[in-house]
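The lines below spell out each chain.
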Amino acid sequence: MRKFITVLVLPLALATVPPELFSPLVAQKVLATAKTPPSPIQFPQYTDATAGNWLLFNPDTWTTGFFPATLYEMNRRQKLCGAKHGVGDVDWLKLGRTWSTGEIPLETKTGVGHDVGFLSFPFVEELKINPGNGTAITAVKAFATALAKRFNAKVGCTRSWDSPDPNFQVIIDNMMNLEVLFVAEEITGNHTLRDIAIKHADTTIANHIRPDGGTWHVIEYDSNTGLVTKKRTAQGFSDDSTWSRGQAWGIYGYANMHLRTNFPRYLETARRLATYFVSNIPSDGIVPWDFNAPTIPAPRPADSSAATLAVNALLLLSQRELTVGNSTGAQFWRDHAFSILRDITNLAWRPEWKSLLSNGTVNLPANNKLTGIVYGDYYFIRAGNELKELGLTFC
Ligand SMILES: *[C@@H]1O[C@H](CO)[C@@H](O)[C@H](O)[C@H]1NC(C)=O
Ligand SMILES: *[C@@H]1O[C@H](CO)[C@@H](O)[C@H](O)[C@H]1NC(C)=O
Ligand SMILES: *[C@@H]1O[C@H](CO)[C@@H](O)[C@H](O)[C@H]1NC(C)=O
Ligand SMILES: *[C@@H]1O[C@H](CO)[C@@H](O)[C@H](O)[C@H]1NC(C)=O
């Protein structure tokens, strides 16, 4: 009986994974970008919208960690897939470490504010491989301390963008930066870091989420009283709209808070945000850059990075459902992850570009759209690795 179920269920899941996920082009393109780091070091963030060539940015940019972290994902893929599709011919770990060194000066001084959590990604990956790596330990501790310094107990949040007091701005994206506090807590035993993460997450539940499960991008607080002074957007369509990438950061952030604490309220919040996300994808399956942006003139720009991020967020949420014995819920989120992945690959897979995907919206109000994006590609590759690790696909 058990054998029968395995045979029946696995091919159904397998059938829905787009073959591009493990195309040889993945390794080829990442390697082409990785093998000659520019000197002085600069990091890919997004591509131009016509030829798909990467634009490079100085290390002191919030997205710097994603390319080194992509190289760590390729190293993980090598272990998961063996020598398949060109991944086996490359020392990905060495490349990941080499590119990470460009971030080390940021331990002492960055201009990225709260985004230190994103910067920490490659160092967190290094610690999974070598927990004793002193460089990575120092980096994670420094980034966590920098984030903790931005915490205001009156507001109950870490500050996102800098602004003069009493203005205190918090963006939904910041749910992603809390993980570095937990990693640093593991290293140092300092539980204050965890308390800050929990307080930030709870304040965000209270103020950032609408009754329909959508989210505001920016909440402004008064740093003296802790009261909310404004709810607005920065990168979304309007103050009342839901910016899709922000929504996806929120799903991932709360699913991760549940992973870290097992508090039911975080699972419930992740479900609310995820329910909004999947219910607001239109019938064409394309994740728009903002769920409330007008559909005319068509096509309304997609955001492939919101889509691939959401795939990872839903897979994490699916795993969290399993920990509470909810296999129906787990299957539900997994099915949505599969369909988002399939639809975004159909739309955005671009063999002739340097990035894997096109149709990223970096910042629509700044007219930065129709590009490849480094974190969109990162989450695409990671989705493949997660699915393989979960036994839901072959390489
Ligand atoms: C330790 O980590 C850093 C940064 O991730 C890396 O550059 C370095 O090569 C690693 N050292 C060792 C001995 O693996
Ligand atoms: C724990 O971390 C907090 C936040 O960075 C810091 O203020 C505090 O001094 C740390 N405690 C110890 C014992 O190091
Ligand atoms: C996707 O990208 C292509 C090529 O840049 C563009 O022609 C198309 O309109 C985009 N579609 C959406 C929905 O953004
Ligand atoms: C299982 O998960 C689904 C989707 O998140 C949810 O709607 C449902 O309430 C959950 N069931 C239980 C028993 O927790």
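Our subject in this report is the structure included herewith. These numbers were taken from a predicted model, which means no experiment stands behind them. (Residues numbered from 1 in each chain as written. Chains lettered and ligands numbered in written order. Predicted model: local features only at pLDDT ≥ 70, side-chain atom pairs only at ≥ 80, totals over all residues. Heavy atoms only, no water.)

## What to know about helix 6 (residues 121-129)
So, step 1. Within helix 6, 7 of the 9 residues are buried, which leaves the element mostly enclosed by the surrounding structure.
So, step 2. Residues Phe121, Pro122, Phe123, Val124, Glu125, Glu126 and Leu127 constitute the buried set of helix 6.
So, step 3. Residues of helix 6 that are buried make contact with helix 3 (66-81), helix 4 (92-100), helix 5 (116-119), helix 7 (134-148), helix 8 (179-188) and helix 14 (374-389). (Buried < 20%, exposed > 50% of the residue type's maximum accessible area, 1.4 Å probe, protein only. Helix = DSSP H or I, 4+ residues; strand = E, 2+ residues; numbered from the N terminus. Contact = heavy atoms within 4.5 Å.)

## A look at the site of ligand 3
So, step 1. Surveying the vicinity of ligand 3 reveals the residues Pro299, Arg300, Pro301, Ala302, Arg350, Asn359 and Leu370.
So, step 2. Alone, ligand 3 offers 360 Å² of accessible surface; in the complex the protein occludes 68% of this.
So, step 3. Of the residues belonging to the shell around ligand 3, the class tally is 4 nonpolar, 1 polar and 2 charged. (Near = heavy atom within 4 Å. Areas by Shrake-Rupley, 256 points an atom, 1.4 Å probe, with all protein chains shown as cover. Nonpolar A, V, L, I, M, F, W, Y, C, P; charged D, E, K, R; others polar.)

## What about the site of ligand 2?
So, step 1. Near ligand 2, the surroundings consist of Ala148, Asn190 and Leu193.
So, step 2. At 2.3 Å, a side-chain N or O of Asn190 approaches an oxygen atom of ligand 2.
So, step 3. In the complex, 37% of the free accessible area of ligand 2, which totals 370 Å², lies under the protein chains. (Polar contact = N/O pair within 3.5 Å; in protein donor to acceptor, adjacent residues only side chain to side chain.)

## Regarding the sheet that holds strand 7 (residues 228-232)
So, step 1. In space, the 3 strands of this open sheet follow the order 5-6-7, with antiparallel pairing throughout. Among the strands making up the open sheet, the edge pair consists of strand 5 (167-171) and strand 7. On average, each strand axis in the sheet is tilted by 20° relative to the strand beside it, whichever way the strands run.
So, step 2. In the sheet, strand 6 (residues 218-222) pairs with strand 7 via 4 bridges, with the strands oriented antiparallel. Its bridge partner being in strand 7, Val218 is matched across the sheet by Arg232. (Pairing = 2+ DSSP bridges. Axes fitted to C-alpha atoms, helices over the stretch in contact; angles between N-to-C directions.)

## Considerations on the environment of Tyr221
So, step 1. Along the chain, the position of Tyr221 falls in strand 6.
So, step 2. Take Tyr221: its relative accessible area is 1%, and that puts it in the buried class.
So, step 3. A C-alpha to C-alpha distance of 9.5 Å links Tyr221 and Cys157, two positions 64 residues apart in sequence.
So, step 4. Discounting chain neighbours no more than four positions away, the residues touching Tyr221 are Val155, Cys157, Pro166, Asn167, Phe168, Val170, Thr203, Asn207, Gly226, Leu227, Val228 and Thr229.
So, step 5. Only 3.1 Å separates the side chain of Tyr221 from the side chain of Asn207, close enough to count as a polar contact.

## Structural notes on the side chain of Glu126
So, step 1. Position of Glu126 relative to the elements: it lies in helix 6.
So, step 2. Within the structure, the side chain of Glu126 is placed 2.6 Å from the side chain of Tyr72, a separation counted as a polar contact.
So, step 3. Non-local contacts of Glu126, meaning those with residues more than four positions away in its chain, are made with Tyr72, Leu93, Arg97, Asn133 and Ala136.

## Some remarks on the pairing of strand 5
So, step 1. Most of strand 5 is tucked away: 4 of the 5 residues are buried.
So, step 2. With 5 bridges connecting them, strand 5 and strand 6 associate as antiparallel partners. Paired with Phe168 across the bridge in strand 6 is Tyr221.

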